[in-house]
Amino acid sequence: MTSDDFNIPEVQWLPLFGPSKFENLLEAVDIGIWDQIPSLDEPIINQDLIEAALLDPACSAVSRVLVIYTGGTIGMRSHGGVYEPEPNFLVETVMDMTIFQDKTFAERNAIHLKYYKSGRLGTENSAAETADAKPNGWSTICMPLTIDNRRIFYTIAEYANLLDSSNCTMDNWVQVAQHINLFYDEFDAFIVLHGTDTLAYAASCLSFILEGLRKPVIVTGSQIPIGELRSDGRENLMGSLLVAGGGYLIPEVTVYFCNKVVGKKPR
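Remember, predicted model here, so these are calculated numbers, not experimental data.

Draft legend 1. Inspection of the overall build of the protein at higher detail. From N to C terminus, the protein includes eight helices and nine strands. Considering the protein as a whole, with its 267 residues, one finds that 53% of them fall into the buried category. Put simply, 71% of the contacts in the protein that link residues at least 6 apart link residues at least 24 apart. Put simply, the protein shows about 12,800 Å² of open surface, and 50% of that area lies on carbon and sulfur atoms.

Below is the structure:
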């Protein structure tokens, strides 16, 4: 597969040196970038939260990871024996798992795990206001300390219209690249949750668009929904988070699956 296979007119593929340099490609495909994820006025993970983590003597470092959930089996739920995508199910399931969220840290630092009417993280709302509030942003989750005492914060940005990967096209992958570009300075690494039918194609496409990366971009998914007993989704998401937020120098697009990182230009 080469860049010519994508057949996008009037795109100069070289030089593409990192997210700040591929405006020609992003402008060549006219996509409403805010149709899938919202624009936020407030920082996703504010500095107070970072400082609270660093004040912990046991914490050696802090990482910020953006998880872009585009769709796929990993976030599906069984309805009458049929797996179907369900909005917010992935986030709610992950938040209930102690391996993915340090609830003690969250409670100690009064972290409100969703943006509510004010659009601010950690806003004090009454119980009635919170019950009536419609989340206008994303969830921020704090992982337990890693084996080397790193604190990984991650935010799950779930697409408004979850994609069936068997129907994904170049336009969808350019949109993912746009979202990475837009929040590039806010995070230390990025994870793309994608359906397995075209996951390899998505990673290949992103590796062309995001040349010159200085941060990890990991594409992963699962063959069994994350809420099921024998799901591979938990290992794939956990492994991706540990690699993305582990401080490793992996400035490229990689695929994480079955406890393996596949990189070096997956084209």
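Draft legend 2. Looking closely at the packing of aromatic side chains. In total, this model carries three aromatic pairs according to the counting rule given. On the basis of an interplanar angle of 10° and a centroid distance of 6.1 Å, the ring pair of tyrosine 184 and phenylalanine 190 is categorised as stacked. Accessibility expressed as a relative area gives 0% for phenylalanine 190, which makes it buried. Ring centres 6.2 Å apart and planes at 65° place the aromatic pair phenylalanine 187 and phenylalanine 190 in the edge-to-face group. Like phenylalanine 190, phenylalanine 187 is buried. Feature note: the residues Tyr184, Phe187 and Phe190 constitute an aromatic cluster, connected by ring pairs.

Draft legend 3. Structural context of the UniProt feature "active site" (unreviewed entry) in the protein. The sites that UniProt annotates as "active site" (unreviewed entry) are Thr196. Relative accessible area serves as the criterion here: at 31%, threonine 196 is assigned to the partly exposed category. Not counting residues within four places of it along the chain, the set of residues in contact with threonine 196 comprises Ser165, Ser222, Gln223 and Phe257.

Draft legend 4. Broad picture of unusual backbone geometry. Non-glycine residue asparagine 88 carries a positive phi angle of around 70°. Among the structural elements, asparagine 88 can be located in the loop between strand E3 (82-85) and helix H3 (89-95). Backbone geometry at asparagine 259 places phi at a positive 65°, although glycine is not the residue there. With respect to the secondary-structure elements, asparagine 259 resides in the loop between strand E8 (253-257) and strand E9 (260-262).

Draft legend 5. Quick peek at the pairing of strand E5 (residues 150-163). For E5, a buried count of eleven out of 14 residues is recorded, marking the element as mostly surrounded by other parts of the structure. Pairing geometry for strand E1 (residues 61-71) and E5, over ten bridges, is parallel. Looking at the pairing, alanine 61 lines up with arginine 150 of E5.

Draft legend 6. Structural detail: helix H7 (residues 199-209). Judged by how many residues are buried, H7 sits mostly within the fold: nine of eleven residues are covered. Every buried residue of H7 is listed here: Leu199, Ala202, Ala203, Ser204, Cys205, Leu206, Ser207, Phe208 and Ile209.

Draft legend 7. Representation of the nonpolar core. With 30 residues, the main nonpolar core has Ile180, Leu206, Leu210, Val217, Val219 and Val253 as its most contacted residues. Among the secondary structure elements, those contributing two or more residues to this core are E1, E5, helix H6 (170-182), strand E6 (189-193), H7, strand E7 (217-220) and E8. Once you skip the residues sitting within four places of it in the chain, valine 217 turns out to touch Ile180, Phe190, Val192, Leu210, Glu252, Val253 and Thr254. Tyr154, Ala189, Leu237 and Met238 belong to the second-largest nonpolar core, a separate cluster that totals 27 residues.

Draft legend 8. Representation of the environment of arginine 234. Topologically, arginine 234 is positioned in helix H8 (residues 233-244). Those residues within four positions of arginine 234 in sequence are excluded, and the remaining contacts are Met97, Phe100, Ile226, Gly227, Glu228 and Leu229.

Draft legend 9. Up close: the side chain of glutamine 101. Residue position: glutamine 101 is located in the loop between H3 and helix H4 (103-108). Here the side chain of glutamine 101 touches methionine 95 through a polar contact of 2.7 Å, landing on its backbone oxygen.

Draft legend 10. Geometry of the confidence of the model for the protein. Averaged over every residue, the pLDDT of the protein is 78; residues scoring 70 or more account for 70%. Low pLDDT, under 50, characterises residues 1-21; the predicted model gives this stretch 39 contacts beyond four residues in sequence or across chains. With pLDDT under 50 throughout, residues 112-136 is counted as low confidence; its partners more than four residues away or in other chains account for 44 contacts.

Conventions we followed
- Residues numbered from 1 in each chain as written.
- Predicted model: local features only at pLDDT ≥ 70, side-chain atom pairs only at ≥ 80, totals over all residues.
- Heavy atoms only, no water.
- Helix = DSSP H or I, 4+ residues; strand = E, 2+ residues; numbered from the N terminus.
- Buried < 20%, exposed > 50% of the residue type's maximum accessible area, 1.4 Å probe, protein only.
- Contact = heavy atoms within 4.5 Å.
- Areas by Shrake-Rupley, 256 points an atom, 1.4 Å probe, with all protein chains shown as cover.
- Phe/Tyr/Trp six-rings, centres within 6.5 Å; stacked < 30°, edge-to-face > 60°.
- UniProt positions renumbered as here; feature names shortened; annotations may be inferred.
- Pairing = 2+ DSSP bridges.
- Core = buried A, V, L, I, M, F, W, Y, C linked by side-chain atoms within 4.5 Å.
- Polar contact = N/O pair within 3.5 Å; in protein donor to acceptor, adjacent residues only side chain to side chain.
- pLDDT = per-residue confidence, 0-100.

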